[in-house]
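Chain and residue survey
As a plain string of letters, each chain reads:
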Protein chains: 2
Amino acid sequence: MKQAKISEAVVRRLPLYLQALNELLRSDVQTVSSQELGRKLDLNPAQIRKDLAYFGEFGRKGIGYDVSYLIGKIRHILKLDRNINVALVGAGNLGQALCNYNRYSRDNMKIVAVFDAHPDKIGMMINTMRVQPMEELKQTVEALQIRIGIITVPASAAQTVADQLAEAGVEGILNFAPAILKVPPNVRVHHADFTTELLSLAYYLERNAEDGDDDDEVVD
Amino acid sequence: MKQAKISEAVVRRLPLYLQALNELLRSDVQTVSSQELGRKLDLNPAQIRKDLAYFGEFGRKGIGYDVSYLIGKIRHILKLDRNINVALVGAGNLGQALCNYNRYSRDNMKIVAVFDAHPDKIGMMINTMRVQPMEELKQTVEALQIRIGIITVPASAAQTVADQLAEAGVEGILNFAPAILKVPPNVRVHHADFTTELLSLAYYLERNAEDGDDDDEVVD
DNA sequence: TAGATTGTTAATCGATTAACAATC
DNA sequence: TAGATTGTTAATCGATTAACAATC
């Protein structure tokens, strides 16, 4: 019974821990307490300890956590101790930026193939990759053992691409398009559309002074 | 007492509702029930009704919600019924992609200025915008009444840029850099670093067969 | 040893879901 | 009217935080 009932909230914090720990490693810090880590990440220390304890006993009482040891453990938990090949579909501005970015490569994730449906994109070079037509998706996914697909096409095309990726056999999809995707239960979708974050940010702006209506007032 | 105690989870769903409603509007659908909306968004209908009820009575019993009326209401709640000017800092690949994207412009949000610290970027044209040096940030924010800043610089520079944006007077920051920012309490930061989503996606991949150790087993 | 910090249980808090009277 | 669906209260569920014994 492997990794039963670990909540998504916990899993989503693990990359954050990794990020902070890598920073500490670069500063040659050997050991860190849940309190220090909590201060860095704006999280409750008890929560950090509890999260980690789901997976094992990684710390030492009275001491804290060994930074590089914990990095290794979290990388293992997230399955980042193996190379994971990624395909990107949609060679537009955003897609190209993500290919060039490739910061996650140090985490063993790498975009190894790029696809686009548009004839004028096909054949174009991004880094060392040639933009391939959608017809080559399935065979490439199999040949390169690609396990994750990134979608950077317009919302109107996102569902079709998701279907093609699922059919090609990827296990996970990172979706940048503002669309809710329907996929088979064996495929997991994570949403990366930042317009949600941008629009919800507007909610917290001050209303301008001249706009004094009370439509959205809440009395309790 | 305006908009007291509305939880972040609720606010974050509002842009999703907007997205689905806009789709319905394009399909000339007049009216929608919480059930239909829930099906489209994979959400519980009761949750949708409850979310909306925080802000007013927008539906009609036995009928549902008028699509374009509800769009107007949510846009008002999110303060998207006024133009909101945005500045972007970091004219790299990602920054350029976001400037060109500008899909959110139909939501009255618009990137109106681009900044970069690097001399070889300054003066470059993105769409109709000239990349400006950081020295011009404050005066431009004031002149154009910019209220939100987008950070697309490397993690190492993110905190400095956040300080400069806060000092220039923005009310909100959308941060794409993998870094936790410390800002004054009057500034709100939303996180848009997709590496978190990508790395947590790896957790849900199948372990390869040959990798049979039980380190992260959970017994309960 | 005394001080610090973990792992873990119990308490609290908040968010989601179910249920249903009101009503179109 | 009968059927549908809202707004809202109550019940449930889950996640966060506090507290503390164990121990380095």
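Residues numbered from 1 in each chain as written. Chains lettered and ligands numbered in written order. Predicted model: local features only at pLDDT ≥ 70, side-chain atom pairs only at ≥ 80, totals over all residues. Heavy atoms only, no water.

A few points about the overall build of chain A
Helix and strand content of chain A: eight helices and 10 strands. Overall, the C-alpha framework of chain A stretches about 60 × 55 × 35 Å when taken along its three principal axes. Within chain A, the proportion of its 220 residues that are buried is 51%. Nonlocal contacts in chain A, meaning residues at least 24 apart in sequence, comprise 55% of its contacts between residues at least 6 apart. Carbon together with sulfur atoms contributes 48% to the accessible area of chain A, which is approximately 10,400 Å² in total. (Helix = DSSP H or I, 4+ residues; strand = E, 2+ residues; numbered from the N terminus. Buried < 20%, exposed > 50% of the residue type's maximum accessible area, 1.4 Å probe, protein only. Contact = heavy atoms within 4.5 Å. Areas by Shrake-Rupley, 256 points an atom, 1.4 Å probe, with all protein chains shown as cover.)

Regarding the packing of aromatic side chains
Each aromatic ring pair is specified by the distance between its two centres and by the angle formed by the two planes. Counted according to the given criterion, the structure contains six aromatic pairs over all chains. Geometrically, the ring pair formed by Y203(B) and Y204(B) is edge-to-face, given 5.0 Å between the ring centres and 85° between the ring planes. For Y203(B), a relative accessible area of 5% puts it in the buried group. Aromatic ring contacts, followed pair by pair, group F55(A), Y203(B) and Y204(B) into a single cluster. In this arrangement the basic side chain of K79(A) is found over the ring face of Y203(B), its NZ or CZ atom lying 5.1 Å from the centre. (Phe/Tyr/Trp six-rings, centres within 6.5 Å; stacked < 30°, edge-to-face > 60°. Lys NZ or Arg CZ within 6 Å of the ring centre and 35° of its normal.)

Concerning the pairing of strand β5 (residues 109-116) of chain B
Residue and element names in this part refer to chain B. Burial analysis of β5 places six of its eight residues in the buried class, which makes it a mostly covered element. As paired elements, strand β4 (residues 84-89) and β5 share six bridges and run parallel to each other. Bridged to V86 within β5 is I111. Looking at chain direction, β5 and strand β7 (residues 129-133) are connected through three bridges and run parallel. Looking at β7, one finds that F115 is bridged to Q132. (Pairing = 2+ DSSP bridges.)

Overview of the protein's contact with DNA strand D
Taken together, 23 residues surround DNA strand D, and among them Q47(A), S34(B), R49(B), G59(B) and Y65(B) come closest. Sugar plus phosphate: this is where 63% of the atoms of DNA strand D within 4 Å of the protein reside. The separation between a sugar or linking oxygen of DNA strand D and a polar side-chain atom of Q47(A) is 2.9 Å. Where the surface near DNA strand D is concerned, the elements lending two or more residues are α3 (45-53) of chain A together with α3 (45-53), β2 (59-60) and β3 (64-66) of chain B. In terms of residue class, the surface near DNA strand D is built from four nonpolar, nine polar and 10 charged. (Near = heavy atom within 4 Å. Polar contact = N/O pair within 3.5 Å; in protein donor to acceptor, adjacent residues only side chain to side chain. Nonpolar A, V, L, I, M, F, W, Y, C, P; charged D, E, K, R; others polar.)

Concerning the domain arrangement of chain A
How big an interface is tends to be expressed through the accessible area that disappears when the partners come together. Residue and element names in this part refer to chain A. As far as domains go, chain A holds domain 1 (8-77) and domain 2 (84-199). Relative placement of domain 1 and domain 2: their C-alpha centres are 30 Å apart. Between domain 1 and domain 2, the contact holds five residues from the first and five residues from the second. Across the contact surface, domain 1 and domain 2 share one salt bridge. In this structure, R188 engages E8 in a salt bridge whose closest nitrogen and oxygen atoms are separated by 3.3 Å. (Domains from an automatic or database assignment. Salt bridge = Lys/Arg side-chain N within 4 Å of Asp/Glu carboxyl O.)

Side note on the relation of the copies chain B and chain A
Think of it as a corkscrew move, a rotation about one axis and a shift along it, taking one chain copy to the other. It takes a turn of 180° to lay chain B on chain A, together with a shift of 0.0 Å along the axis; the resulting RMSD is 0.0 Å. These values place the two chain copies in the arrangement generated by a two-fold rotation axis. In this assembly the copies share their binding face: 100% of the residues contributing to the interface of chain B also contribute to that of chain A. (Least-squares fit on C-alpha atoms with pLDDT ≥ 70 in both.)

Let's talk about unusual backbone geometry
Phi at K79(A) is positive, roughly 65°, even though this residue is not glycine. Tracing the backbone shows K79(A) in the loop between α4 (67-77) and β4 (84-89). Residue classification places K79(A) among the buried residues on the basis of a relative accessible area of 8%. Phi is positive for N127(B), which is not a glycine, with a value near 55°. Looking at the secondary structure, you find N127(B) in the loop between β6 (125-126) and β7.

A word on the interface of chain B and chain A
Across the boundary between the two partners, chain B contributes 78 residues, which contact 78 residues of chain A. For the pair chain B and chain A, the interface holds six salt bridges. Seen at the junction of chain B and chain A, the total is 22 residue pairs in polar contact (both at pLDDT 80 or more). Grouping the constituent residues of the side of chain B that touches chain A by class yields 37 nonpolar, 12 polar and 29 charged.

Re the sheet that holds β3(B)
All names here are of chain B. Across the sheet, three strands lie side by side as β1-β3-β2; this open sheet has antiparallel pairing. The open sheet terminates on both sides in strands that have one partner only, identified here as β1 (31-32) and β2. As paired elements, β1 and β3 share two bridges and run antiparallel to each other. Across the sheet, V32 pairs through a bridge with Y65, a residue of β3.

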